[in-house]
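Descriptive structure summary
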Amino acid sequence: MRVTEIFVPNDTPTITYVDRAEHKLQQRLKDLYDTPNMVVSISGPSKSGKTVLIKKVVPEDYLITIPGAGITTAEMLWERALNWMGVPNETVKSSSTSTEVSANGEGGGKIKFPLVAEGEMKATGGVARTWARDRSETRQRGGLEQVVAEIAGSEFVVFIDDFHYIKPEVREEVGRQIKAAAEQGVKIFTASVPHRAGDVVRSNPELRGRVAAVDMEYWTAEELAQIARKGFAALNGEIAPVVEATLAGEAFGSPQLMQSICLNLCYGLPWRQPLEKQDRVNVSVDQMRDALSATSSFTDFSNMVAALHTGAKTRGTERKIHDLVDGTRGDVYRAILLGIRKNPARLSFTYDEILNRVRDVCSEEAPVGSSINSALEQMHIIGDEVQPGTSPISWDENVLDITDPYFLFYLRYSEKLAALAK
């Protein structure tokens, strides 16, 4: 097998699939898939394998995936489902109606019938005449009603991925229609990040009791190491446990990111085909660093990082510039980004933790607390402006969340921050 068939960052893995059996997630999801009239809400960190888990339970041909990002009306949700099914935008229905007039004797007079204008007619005994009219009717798509008619009671699943990206003003109506669809036998799955897992029920409190939660946590380092172990074994080799642990620690709980790191390590060794015999493959520090750097090119957050580094526009007073421990100088925005990327790697920080990290990256005087708090508020706004509905950074109630592990990885291993310092 080729290495690209073993480590698969952008597809459902087979050889390197880790079922995390102790969590019983796959069996739990299968049971809920078989439960009628139930909405299933799957929560887990970005890139934590939510979609892969669903595809292990629901055949891919039966999975109608609708991204939450870009849903501006409830009707759009069902329109996208009908698009997936290939239902035409409109259909023409034709019908033909006929009327027969019989006579049993001679006579003259006015004869009335629905499809022929009133007029004189002379009927003679034993003669029958028939008038016919064709009628055509154009029908538009039926939205939710048509989705119900097409797939209610079937094995098909409408999967709303990234439900939390649906705009708050739209969620309430979406929630009502999801409830109506589930009651009529349409299987509904949703996926959200952990701190927004309650959005489905909040969208419509009447969904309580109808929504079953499946909570996925960040993968542990040992679970991520299993991806490396399985993949390298398929290549007829192994790497040192300390290298496995190092790579797993840099994947930040994301199996998809771990797949990317292992693939790039193989590219750099180079190791693209199985070895002729079972052997240990030595990996140097430089080779690990090169693999991590190469993996940062698998995603591009350059515009996002540049916008966050620039910060909000100043009005009159210029920002204070600080001397930083990496040998550069920068304002509070650069200090925060350097604080986020420093060791130990984290995806969530309290205000105090960010405050301490910013102080650690400053070689002399650090920004004051009010300046850091204001900058974090602006970074939240900037993130939404650069990536509306899909920002990788969130500041809410004194907690900073990095919602996409790839963003943190890019901060740590790309050359973007170094370039911006110049």
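The following refers to the structure shown. (Residues numbered from 1 in each chain as written. Predicted model: local features only at pLDDT ≥ 70, side-chain atom pairs only at ≥ 80, totals over all residues. Heavy atoms only, no water.)

A few points about the overall build of the protein chain
Each helix and strand counted, the protein chain has 16 helices and 16 strands in total. Every one of the 422 residues in the protein chain was classed for burial, and the buried ones make up 45%. Restricting to contacts in the protein chain with at least 6 residues of sequence separation, those with at least 24 account for 73%. Just so you have it, the protein chain exposes about 21400 Å², and 47% of that area is on carbon and sulfur atoms. (Helix = DSSP H or I, 4+ residues; strand = E, 2+ residues; numbered from the N terminus. Buried < 20%, exposed > 50% of the residue type's maximum accessible area, 1.4 Å probe, protein only. Contact = heavy atoms within 4.5 Å. Areas by Shrake-Rupley, 256 points an atom, 1.4 Å probe, with all protein chains shown as cover.)

Digging into the packing of aromatic side chains
The final tally for this structure, using the stated rule, is 10 aromatic pairs. Here the aromatic rings of Tyr33 and Phe189 are separated by 6.3 Å at their centres, their planes lie at 80°, and the arrangement is edge-to-face. Of this pair, Tyr33 sits in helix H1 (residues 25-33) while Phe189 sits in strand E8 (residues 187-192), and the two are 156 residues apart along the sequence. The same class applies to Tyr33 as to Phe189, namely buried. Members of the aromatic cluster, connected to one another through ring pairs, are Phe7, Phe232 and Trp271. For the cation-ring pair, Lys56 lies above Tyr17, with the distance from its terminal atom to the ring centre recorded as 4.2 Å. Lying across the ring of Tyr33, Lys187 places its NZ or CZ 5.1 Å from the centre. (Phe/Tyr/Trp six-rings, centres within 6.5 Å; stacked < 30°, edge-to-face > 60°. Lys NZ or Arg CZ within 6 Å of the ring centre and 35° of its normal.)

Some words on the sheet that holds strand E1 (residues 39-43)
The sheet built from 5 strands is open, its strands ordered E2-E7-E8-E1-E9 with parallel pairing. Only two strands of the sheet have a single neighbouring strand rather than two, namely strand E2 (63-67) and strand E9 (211-215). Across this sheet, the average inter-strand angle for adjacent strands is 20°, counted without regard to direction. Note that E1 and E9 share 5 bridges and pair parallel. By the bridge assignment for E9, Val39 is matched with Val211. Across the sheet, helix H3 (residues 74-85) is in contact with E2, strand E7 (157-161) and E8; its angle to E2 comes to roughly 140°. (Pairing = 2+ DSSP bridges. Axes fitted to C-alpha atoms, helices over the stretch in contact; angles between N-to-C directions.)

Details of the sheet that holds strand E15 (residues 393-396)
Ordered by their spatial adjacency, 3 strands build an open sheet running E14-E16-E15, and the pairing between neighbours is antiparallel. Edge positions in the sheet fall to strand E14 (348-350) and E15, since each of these pairs with one other strand and no more. The average undirected angle you get between the axes of adjacent strands in this sheet is 15°. In terms of strand pairing, E14 meets strand E16 (residues 399-402) through 3 bridges, oriented antiparallel. Within the sheet, the bridge partner assigned to Phe349 lies in E16 and is Leu400.

Focus: the packing of helix H7 (residues 221-234) against helix H9 (residues 255-268)
The contact between H7 and H9 brings their axes to 9 Å, and the two run at 40°. Looking at the two axes, H7 sits oblique to H9. The two elements H7 and H9 cross, and the hand of that crossing is right-handed. Side by side, H7 and H9 meet where Leu224, Ala225, Ile227, Ala228 and Phe232 of the first sit next to Pro255, Met258, Gln259, Cys262, Leu265 and Cys266 of the second. Residue classes in the contact of H7 with H9 are distributed as 10 nonpolar, 1 polar and no charged. (Parallel < 35°, antiparallel > 145°, perpendicular 65-115°, else oblique. Left-handed = near helix turned anticlockwise from the far one by under 90°. Nonpolar A, V, L, I, M, F, W, Y, C, P; charged D, E, K, R; others polar.)

Side note on the pattern of salt bridges
Across all of its chains, the model carries 21 salt bridges by this definition. The residue Glu238 makes a salt bridge to Arg280 at a minimum N-O spacing of 3.2 Å. Remark: Arg280 occurs in strand E11 (residues 279-280) and Glu238 occurs in strand E10 (residues 237-238); sequence separation between them is 42 residues. A salt bridge links Asp326 to Arg334; the nearest nitrogen and oxygen atoms lie 3.2 Å apart. In this structure Arg334 comes out as buried when scored by relative accessible area, which is 2%. (Salt bridge = Lys/Arg side-chain N within 4 Å of Asp/Glu carboxyl O.)

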